[in-house]
Amino acid sequence: MKSLRLLVLTVLLLASCSTLPVIHPAAPRPEVKFPACPVCPSPFLKTPHRLVHIIEVRVAGKAQGAVIGVTLIHPSAQFVSCAIMTAEGITLFEAEATPGLKIIRALPPFDSRDFARNMIEDIKLIFLAPEGQVAAKGILADGAAICRWQTTSAEFVDVVAGPQETFEITRYAASGRRQRRIKLKHGADNFYQHIELTAQDAFDYSLFMTLVESEPVKSEPQTNNRGLQDNEKNCGR
Amino acid sequence: MHKKLLILFFLLSFLLRPCVALANGFEQLRRNSAGIKTVQARFVQKKSMKILAKPLISEGRFFYASPDSFRWEYLKPLRSVVLSGKGVTKRYIISGGKMAEDKSGGVKAMGIVLGEITNWMSGKFDQNPSFKTALQEGRNTLITLTPVEQHMAGMIEKIEISVVRKTMVVKSVKIIEDKNTATLINFSNVEINKSINASIFQDVE
C-alpha cells in the first residue's frame, strides 16, 4: 500500500514538472550551435537605470492599444518604480515597490491590487536577476545556454541565452505550468531595445515593448510619499 | 438705517465687482473668438513626473474646424490620432506598424479632455460646469480651471490656459495633476481661419 502511494506521488510529481525543458550538462559538443556559457546568462540590470518604453498590448492576438511605460530600477535595493501613461500624457497608473508595494495612482482599468502586483512582478522578472538559487545549469537540446533558478516562492525561472544577443526568460509555477515568457533583443545600448512578454494567466495577453530612452541613474531611490503602503513585506505572490 | 443700507450697498458692489469683471472677461474672450472658424497648430508636450529626471517630450499637430470637428495627433514618441466630429470620437493608435482603432474604455474620457482643449482653442473657457474658472489679465491672459467635482479633483488639481491677449490664440495649456505631475502643451505655428481639407477630420493616415 505504501509503495502504491509513493508510485502515485512520483507520477503526479513527474506530471506536474512535465513542461519544464530538459537541461543537459554543458559539456563541449561539436554539434551545438552556440558555445556553452561558463556563467549563467544574465541580461539583467546591474546598476540603477530609468527606461521609457512604448508598450503595445495584445489580447488573444488582437491589438488593444498602446501606452507609454516609465520604469525606474535600483537593482541593489530591489527598488522598482513604474508609471503608465497615455500618449496624451494622462497618468493611468503609478506604483513602486521598495520592496513593499505602494500604489500612487491607479485609474480604471488599472485600479486593482492584482494588476499592480502582477505589473511589479513582471518588471522584476524582466529587469532583475531572479531571487533564489540556481537549481540547474547547462544547455538545452538546441545547445543554448540555460540557468534555472528556483525562487523563494518555489517557482522556476529559466534564463536562456539565444543567438545574436537574444535572451529568453521563462517563469514556471511550482507545478511546472508556464506563466510568463519574455524575449529580449539587444539594441544599441542594452538588452531592452525590444521586449516581448507573453502571459498565460487568468486571460492570455502579450506586451510588445520598444525602447524610447534609457539612462543610468546616479541618485539613491527616493520613495514617493503619496499612495497607500501595503503591509506586505514584498510584492511576491 | 439709511446709513446701514448704504454700507451694505458699497460692500455688495465691492464683492460683486470681480464676478462681473470675470463674466465680462469671458464674454469678451468669447466675442473676440467668435470669428474663429478653423485653427491648426503644432504642439510640443512636456510631461513632468517624479519618476522622470527630465520631462518626457511628445510632439504633434492639432486641427479644429467649427463647430465641433477636431484632429489631435501625436507624431512621436507614440503615434496616435484622435478624430472627433458630429459627436463621435475615435482614437487610433499605432499597432504593428499600422494605425488601429483603440477600443479601450479610455477613448470616451480622452475625447472629453481633448474636446475641452478644442473648446478653449475657440474661446469657450467657461462652458464646462465641472470646472470653476478664474481669469487673470496680463501680457497674456491666464485662465485657471479648478475641478469642482470630487472625482475629478483626485485626477486633476488645476488647469492653466495661457492666451495671447492680442491675437486670442491659446499659447499653452498646463494640466497639473499634483505637485509632482504636470503636462505642459506649448502650441506653435498657429494658423487661424486657414482652409483645412475635410479629409483631415476623417482619414487617420
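Cut-offs and rules
- Residues numbered from 1 in each chain as written.
- Chains lettered and ligands numbered in written order.
- Predicted model: local features only at pLDDT ≥ 70, side-chain atom pairs only at ≥ 80, totals over all residues.
- Helix = DSSP H or I, 4+ residues; strand = E, 2+ residues; numbered from the N terminus.
- Buried ≥ 20, exposed ≤ 12 C-beta atoms within 10 Å, placed from the backbone.
- Contact = placed C-beta atoms within 7 Å.
- pLDDT = per-residue confidence, 0-100.
- Core = buried A, V, L, I, M, F, W, Y, C linked by C-beta atoms within 7 Å.
- Expected span 1.5 Å × (residues − 1).
- Pairing = 2+ DSSP bridges.
- Axes fitted to C-alpha atoms, helices over the stretch in contact; angles between N-to-C directions.

### A closer look at the overall build of chain B
Thinking step 1. Secondary structure summary: chain B contains three helices and 11 strands in total.
Thinking step 2. Listing each helix as α and each strand as β along chain B from the N terminus yields α-β-β-β-β-β-β-α-β-β-α-β-β-β.
Thinking step 3. Going through the 205 residues of chain B one by one, you find that 32% of them count as buried.
Thinking step 4. Once local pairs closer than 6 in sequence are excluded, the contacts in chain B between residues at least 24 apart make up 42%.

### Focus on the overall build of chain A
Thinking step 1. Along its length, chain A carries two helices and 13 strands.
Thinking step 2. Residues classed as buried in chain A amount to 33% of the 237 residues present.
Thinking step 3. Residue pairs at least 24 apart in sequence account for 49% of intrachain contacts in chain A once pairs closer than 6 positions are excluded.

### Let's talk about the confidence of the model for chain A
Residues and elements named next belong to chain A.
Thinking step 1. Averaged over every residue, the pLDDT of chain A is 81; residues scoring 70 or more account for 79%.
Thinking step 2. Taken together, the stretch residues 6–17 has pLDDT below 50 and engages in three contacts with residues farther than four places along the chain or on a different chain.
Thinking step 3. Here residues 225–237 is modelled with pLDDT under 50, and outside its nearest four sequence neighbours on either side it reaches 24 contacts, counting other chains as well.

### Things to note about the nonpolar core
Thinking step 1. In this structure, A:A83, A:A95, A:I120, B:I161 and B:V173 are the most contacted members of the largest nonpolar core, which totals 90 residues.
Thinking step 2. Among the elements that line this core, the one with the most residues is helix α2 (residues 113–127) of chain A, at seven residues.
Thinking step 3. Ignoring anything within four residues of it in the chain, the contact list for A:A83 reads A:V70, A:T91, A:F93, A:E94, B:M49 and B:I51.

### Overview of the environment of B:L184
Residue and element names in this part refer to chain B.
Thinking step 1. Here L184 shows up in strand β11 (residues 181–192).
Thinking step 2. The class for L184 is partly exposed, based on 17 C-beta atoms found within 10 Å.
Thinking step 3. A C-alpha to C-alpha distance of 21 Å links L184 and N128, two positions 56 residues apart in sequence.
Thinking step 4. When near neighbours in sequence (up to four residues on either side) are disregarded, L184 contacts K46, S172 and K174.

### Considering α2(A)
Thinking step 1. Over its 15 residues, α2(A) runs 21 Å from end to end, which matches the ideal 21 Å to within 8%, given 1.5 Å per residue.
Thinking step 2. Burial in α2(A) covers these residues: A:A116, A:M119, A:I120, A:I123, A:K124, A:L125, A:I126 and A:F127.

### Points about the sheet that holds strand β8 (residues 140–147) of chain B
Residues and elements named next belong to chain B.
Thinking step 1. As summarised here, the arrangement of the 11 strands in space is β6-β5-β4-β3-β2-β1-β11-β10-β9-β8-β7, forming an open sheet in which the pairing is antiparallel. The two strands at the open ends of the sheet, each matched to only one other strand, are β6 (98–101) and β7 (131–136). Adjacent strand axes in the sheet meet at a mean angle of 20 degrees when their direction is disregarded.
Thinking step 2. By the bridge criterion, six bridges tie strand β10 (residues 169–178) to β11 in an arrangement that is antiparallel. The residue bridging K174 from the neighbouring strand is L184, located in β11.

### Structural notes on the interface of chain B and chain A
Thinking step 1. The interface is formed by 27 residues belonging to chain B together with 22 residues belonging to chain A.
Thinking step 2. Put simply, the parts of the chain that give the side of chain B that touches chain A at least two residues each are β1 (38–48), β2 (56–65), β5 (88–95), α2 (106–121) and β11 of chain B.

### Some words on the pairing of strand β1 (residues 49–59) of chain A
All names here are of chain A.
Thinking step 1. Pairing analysis gives 11 bridges linking β1 to strand β12 (residues 205–216), with the strands arranged antiparallel. Looking at the pairing, R50 lines up with E215 of β12.
Thinking step 2. When β1 meets strand β2 (residues 62–74), the two strands line up antiparallel, connected through 11 bridges. Bridge assignment links I54 to a residue of β2, and that residue is I68.

### Quick notes on the confidence of the model for chain B
Residue and element names in this part refer to chain B.
Thinking step 1. Chain-level statistics for chain B give a pLDDT mean of 79 and a share of 80% at 70 or above.
Thinking step 2. The model gives residues 1–21 a pLDDT under 50, and that stretch makes zero contacts with residues more than four places away or in other chains.
Thinking step 3. Model confidence for the complex is summarised by a pTM of 0.78, with the ipTM given as 0.73.

### A look at unusual backbone geometry
Peptide bonds are trans in most cases, and residues, glycine excluded, mostly fall at negative phi.
All names here are of chain B.
Thinking step 1. Looking along the chain, the bond that leaves S66 and enters P67 is cis, with omega of 5 degrees.
Thinking step 2. Secondary-structure assignment places P67 in the loop between β2 and β3 (69–76).
Thinking step 3. Looking along the chain, the bond that leaves K76 and enters P77 is cis, with omega of 5 degrees.
Thinking step 4. Mapped onto the fold, P77 is located in the loop between β3 and β4 (80–85).
Thinking step 5. Positive phi values are uncommon outside glycine, yet N193 reaches one of about 55 degrees.
Thinking step 6. By the element assignment, N193 lies in the segment after β11.

### Let's talk about the environment of B:K86
Thinking step 1. In this fold, B:K86 is placed in the loop between β4 and β5.
Thinking step 2. It is 7.1 Å that separates the C-alpha atoms of B:K86 and B:S69, two residues lying 17 residues apart in sequence.

### Quick notes on the pairing of β7(B)
Thinking step 1. Two strands pair when backbone bridges link them, and β7(B) and β8(B) are joined in this way by six bridges, in the antiparallel orientation. Paired with B:K132 across the strands is B:T146, a residue of β8(B).

### A short note on the environment of B:L142
All names here are of chain B.
Thinking step 1. With respect to the helices and strands, L142 occurs in strand β8.
Thinking step 2. Looking at L142, the number of C-beta atoms within 10 Å reads 17, which means it is partly exposed.
Thinking step 3. For the pair L142 and R165, spaced 23 residues apart in sequence, the C-alpha to C-alpha distance is 9.4 Å.
Thinking step 4. Setting aside its immediate chain neighbours within four residues, L142 contacts Q136, E160 and S162.

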